[in-house]
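One-letter residues, chain by chain:
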Amino acid sequence: MPTTTSRRAAVAASTSPTAPAAPAAKRDRTHYLYIAVIAAVALGIAVGLIWPDFGIELKPLGTGFVNLIKMMISPVIFCTIVLGIGSVRKAAKVGAVGGIALGYFLVMSLVALTIGLVVGNVLHPGDGLQLTDALKQTGHDQVSSDALPPVDFVLSIIPTTFVSAFTEGEVLQTLLVALLAGFALQAMGSAGQPVLRGIEHIQRLVFRILAMVMWAAPIGAFGAIAAVVGSSGLEALKSLAVLMLGFYVTCFLFVFVVLGALLRAIAGLNVFALFKYLAREFLLILSTSSSESALPRLIAKMEHLGISKPVVGITVPTGYSFNLDGTMIYMTMASLYIADALGTPMSVGEQIPLLLFLLVASKGAAGVSGAGLATLAGGLQSHKPALVDGVGLIVGIDRFMSEARALTNFAGNAVATVLVGTWTKEIDTDRVRQVLAGELPFDEKTLLDENEQAPASELPEQPGNGGNERELAKA
């Protein structure tokens, strides 16, 4: 029956796996989005230099965009952690991840402080500066009342209500609630699977909204850069160029030498390949001067890279509060700069206790707007009040230094996630190499791998899912 055979052949051809492949080759339009961000940054610099007053008035554009991103952080963290922990069989595995991450964060903070200490003592960038009464008052104005003592900071992690963790935008409160919910669903076993499926759908919605918000990035970048350049201009950079240059070089060496060596030695990866994969996130941070603007995308990209949900869900949010390498370097160099500028240079015996105090104080100011400057001023006020007068010296360039702070903090958290995943064997090394080689591109439209997001309980029911190209290491 030739007609029947030909009909079957036609049907087979129309349903073959190659038939729906055409849409996958469609050009990624988000490529133009980040070209627009670069153009917006250049335009913002021009506007800030030519019309500084108008540039300052554009600040709400940058603030509004960052706030749009921040409103998505709590839902992203909650969904990621609950889905990750809820599908892990042994709760001890999650505890091990958290312990390893916190231990690593403490060690790297001390390393960053030490590097900043050495560079600051070599450069002595504050020698010979003059301090006016106006600058003294500016320094005292920077002392933030939001920074909490260590004990109060720990208590503040507990939210007032279950829902307030989301409404108040506190990352660590959201982390606590998500951990409790994840462990509870884990204990419920099969009875908790419907809840996990519901949270999975919520996660898809949240990432879809985030992908839509990202299209406002050029507007936010334009407003943020125009306001910074308009308010500070180039004059603020001249007398403080040595401090800025020293800080930038120190951050660069820390990221590419210290973190790069760790990444190569422990995970066997090239730091340049990892940062190329995260290039759009670095651009976003550079244009908004906020590492928080890239937090949701870092979570999505680290999961896509091949690191398990529990590791990503715990390491990334915790790192944003406890792994502030750039801030550590900044506080060290700024403290030494201020002491030299005031004509009261500190001995090494005075420097170490102050910096260890700032290491603890920085945790109490996590999430405070302008956390670097506020933490520095608050720490000096509590430990060495005479130095607060000098904080006014660096207010003019703090925003420019915050760019390097945010980029270094982000780089440190990205590397930390890979390292913790390697140590806990919760990383798919084959997939990592495929992703970094560009063979498995990240889905910029949904920020999710559509065929890889089902809860673990559903995976055995889909043995024929050919799009599932990886299996994350299971606890």
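In this convention, every chain numbers its residues from 1, walking through the sequence in written order. Where totals are concerned, whole chains, interfaces and linings use all residues; where local detail is concerned, this predicted model gives features only for residues with pLDDT of at least 70, and gives and counts side-chain atom pairs only at 80 or more. Excluding hydrogens and water, the side-chain values take into account all heavy atoms of the structure.

A. Quick peek at the overall build of the chain. Assigned secondary structure in the chain consists of 22 helices and zero strands. Within the chain, the proportion of its 475 residues that are buried is 51%. Counting every atom, the chain has about 20900 Å² of accessible surface; 66% of that belongs to carbon and sulfur. For helices the rule is a DSSP run of H or I covering at least 4 residues; for strands it is a run of E covering at least 2, with both sets numbered from the N terminus onward. Relative accessibility decides the category of a residue: with a 1.4 Å probe and only protein chains considered, values under 20% of the type maximum give buried, values over 50% give exposed, and everything between is partly exposed. To be clear on the numbers: accessible area is Shrake-Rupley with a 1.4 Å probe, and residue cover counts the displayed protein chains and nothing else.

B. Region of interest: the packing of helix H9 (residues 171-188) against helix H17 (residues 309-322). For helices, the axis comes from a line fit to the C-alpha atoms of the stretch in contact; other axes are also lines fit to C-alpha atoms, and the angle between any two N-to-C directions lies between 0 and 180 degrees. It is at 10 Å that the axes of H9 and H17 come closest, and there the two elements cross at 155°. In terms of axis orientation, H9 runs roughly antiparallel to H17. Where H9 crosses over H17, the two elements pack in a sense that is left-handed. Contacts from Val171, Leu172, Leu175 and Leu179 in H9 reach Gly313, Ile314, Pro317, Thr318, Ser321 and Phe322 in H17. Taken together, the residues of the contact of H9 with H17 sort by class into seven nonpolar, three polar and no charged. Throughout this description, any angle smaller than 35 degrees is read as roughly parallel, any larger than 145 degrees as roughly antiparallel, any in the 65 to 115 degree range as roughly perpendicular, and the remainder as oblique. The crossing is said to be left-handed when, going from far helix to near helix, the turn is anticlockwise and less than a right angle, and right-handed when the turn is clockwise. For this analysis, residues touch if any pair of their heavy atoms sits within 4.5 Å. Under the scheme applied here, ten amino acids are nonpolar (Ala, Val, Leu, Ile, Met, Phe, Trp, Tyr, Cys and Pro), four are charged (Asp, Glu, Lys and Arg), and all others, including Gly, are polar.

C. Examining the packing of aromatic side chains more closely. In this scheme Phe, Tyr and Trp rings, the latter by its six-membered ring, pair at centre separations within 6.5 Å, and the angle between planes marks the pair as stacked below 30 degrees, edge-to-face above 60, and tilted otherwise. Counted by the stated rule, this structure contains eleven aromatic pairs. Residues phenylalanine 247 and tyrosine 248 carry aromatic rings whose centres are separated by 6.4 Å and whose planes lie at 70° to one another, so their mutual orientation is edge-to-face. Note on phenylalanine 247: relative accessible area 0%, which makes it buried. Among the aromatic residues, those joined into a ring-pair cluster are Phe252, Phe256, Phe272, Phe275, Phe282 and Phe410. The ring of tyrosine 277 has lysine 301 lying over it, and the distance from NZ or CZ to the ring centre is 4.8 Å. Sitting over a ring, as applied to charges here, requires NZ of Lys or CZ of Arg to be within 6 Å of the ring centre and within 35 degrees of the ring normal. Directly above the ring of tyrosine 330 sits arginine 405, whose terminal nitrogen or CZ lies 4.2 Å from the centroid.

D. Molecular detail of the packing of helix H4 (residues 59-86) against H17. It is at 7 Å that the axes of H4 and H17 come closest, and there the two elements cross at 140°. In terms of orientation, H4 and H17 fall into the oblique class. Relative to H17, H4 is oriented so that their crossing is left-handed. Residue-level contacts link Ile77, Thr80, Ile81, Leu83, Gly84 and Ile85 of H4 to Lys309, Pro310, Gly313, Ile314 and Pro317 of H17. Across the contact of H4 with H17, the residue classes break down as seven nonpolar, three polar and one charged.

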